[in-house]
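Observations on the three-dimensional arrangement
Here is how the chains run, residue by residue.
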Amino acid sequence: VNNIVQKIAVGGVIVNDGRVLIIQRVSGDTFPDLWELPSGKKEFLENSLEAIVRETKEETGLDTKVIDTIGVFNFIVEKEDEIRDIVQVNFLLELIGSSKVKLSSEHQNFAWITSKGVDKYNISNEVKEIINKVFT
């Protein structure tokens, strides 16, 4: 039986000029080429609000501040040695300063999408729901 590990992740929805930022995972990683929100694991004893600001900065180069919580979803990642049971808490973020995106090595592309653009990208249903919540 594989080891089951629970993790908490944080995701951020950045709205700028009526568009939301999505970023595309690199081909060689888990969920290859999938589009997602800037997100990542919360470190032990790290405040969730600080975690999403940090992860967003690491993955996009953008400075943000948290406005509100906008939803939670779960997903499972099956690795060779373990099953990761992940809870992702998502936050609405306000951009501070420049909207110039500088991606980390974890992602290969980015897009600012409108509500009409959500279905044009390979995005998980859970993330689509969070993005659509922001647009409504």
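Check the entry above for the structure.
Structural notes, computed from the coordinates. Computed from a predicted model, the values in this text were never measured in an experiment. (Residues numbered from 1 in each chain as written. Predicted model: local features only at pLDDT ≥ 70, side-chain atom pairs only at ≥ 80, totals over all residues. Heavy atoms only, no water.)

**With respect to the overall build of the protein chain**
To keep it simple, the criterion reads: Helix numbering and strand numbering both begin at the N terminus, where a helix is a DSSP run of H or I of at least 4 residues and a strand a DSSP run of E of at least 2. What the globule rule says is 2.2 Å times the number of residues to the power 0.38, and the radius of gyration is computed from C-alpha atoms. Accessibility here uses a 1.4 Å probe with only protein chains present; expressed as a share of the type maximum, an area under 20% marks a residue as buried, one over 50% as exposed, and anything in between as partly exposed. Here, residues are in contact when the closest pair of their heavy atoms is within 4.5 Å. Note that accessible areas follow from Shrake-Rupley with a 1.4 Å probe, and for residues the cover is restricted to the protein chains shown.
For the protein chain, the count of helices and strands is two helices and seven strands. Counting helices and strands in the order they occur from the N terminus, the protein chain gives β-β-β-β-α-β-β-β-α. Its C-alpha radius of gyration of 14 Å places the protein chain within 12% of the 14 Å reference for a compact globule of 136 residues. With the C-alpha coordinates of the protein chain rotated into their principal frame, the extents come out at 50 × 35 × 30 Å. Counting only residues that meet the buried cut, the protein chain has 39% of its 136 residues in that class. A sequence separation of at least 24 residues applies to 67% of the contacts in the protein chain between residues at least 6 apart. Carbon and sulfur atoms form 48% of the exposed surface of the protein chain, whose accessible area is close to 7700 Å².

**Description of helix α1 (residues 48-60)**
How we decide: Given the number of residues in a helix, its expected span is that number minus one, multiplied by 1.5 Å. The arc in question is formed by the directions pointing from the helix axis toward the C-beta atoms. Nitrogen and oxygen atoms within 3.5 Å of one another constitute a polar contact, given that in protein one can donate a hydrogen and the other can accept it, and given that sequence-neighbouring residues count only through two side-chain atoms.
With 13 residues, α1 extends 18 Å between its outermost C-alpha atoms, agreeing within 8% with the 18 Å of an ideal straight helix rising 1.5 Å per residue. Looking only at α1, the buried set comprises A51, I52, E55, T56, E59 and T60. An end-on view of α1 places all buried positions within 125 degrees of arc, on one side of the element. Here α1 starts with a cap whose side-chain oxygen sits 2.7 Å from the backbone nitrogen of L49, and that cap is N47. Residue G61 follows α1 closely and has a positive phi angle near 75 degrees.

**Quick word on the environment of I23**
Following the sequence through the fold, I23 ends up in strand β2 (residues 19-25). It is 8.8 Å that separates the C-alpha atoms of I23 and W112, two residues lying 89 residues apart in sequence. Once residues lying within four places of it in the same chain are set aside, the contact partners of I23 are L34, W35, E36, L37, P38, E59, T60, L103, H107, N109 and F110.

**Digging into the pattern of salt bridges**
How we decide: Throughout this description, the term salt bridge denotes a Lys or Arg side-chain nitrogen within 4 Å of a carboxyl oxygen of Asp or Glu.
By the definition in use, this model includes nine salt bridges. Here R25 makes a salt bridge to E36, at a shortest N to O gap of 3.1 Å. With R25 in strand β2 and E36 in strand β3 (residues 35-36), this residue pair connects regions lying 11 residues apart in the sequence. Judged by relative accessible area, which is 15%, R25 ranks as buried. For the salt bridge of E46 with R54, the shortest nitrogen-to-oxygen distance reads 2.7 Å.

**Describing the packing of aromatic side chains**
Filter applied, for reference: Only centres within 6.5 Å qualify two rings of Phe, Tyr or Trp (six-membered ring in Trp) as a pair; their planes then separate them into stacked at under 30 degrees, edge-to-face at over 60, and tilted for everything else.
Applying the stated rule across the entire model yields three aromatic pairs. Ring centres of W35 and Y121 lie 4.8 Å apart, and the angle between their planes is 70 degrees; on these two criteria the pair is classed as edge-to-face. Linking W35 in strand β3 with Y121 in the loop between β7 (107-113) and α2 (125-135), this pair joins segments that are 86 residues apart in sequence. Measuring from ring centre to ring centre gives 6.1 Å for F73 and F75, while their planes differ by 45 degrees; the resulting arrangement is tilted. Counting every residue linked through ring pairs, the aromatic cluster contains F31, F73 and F75.

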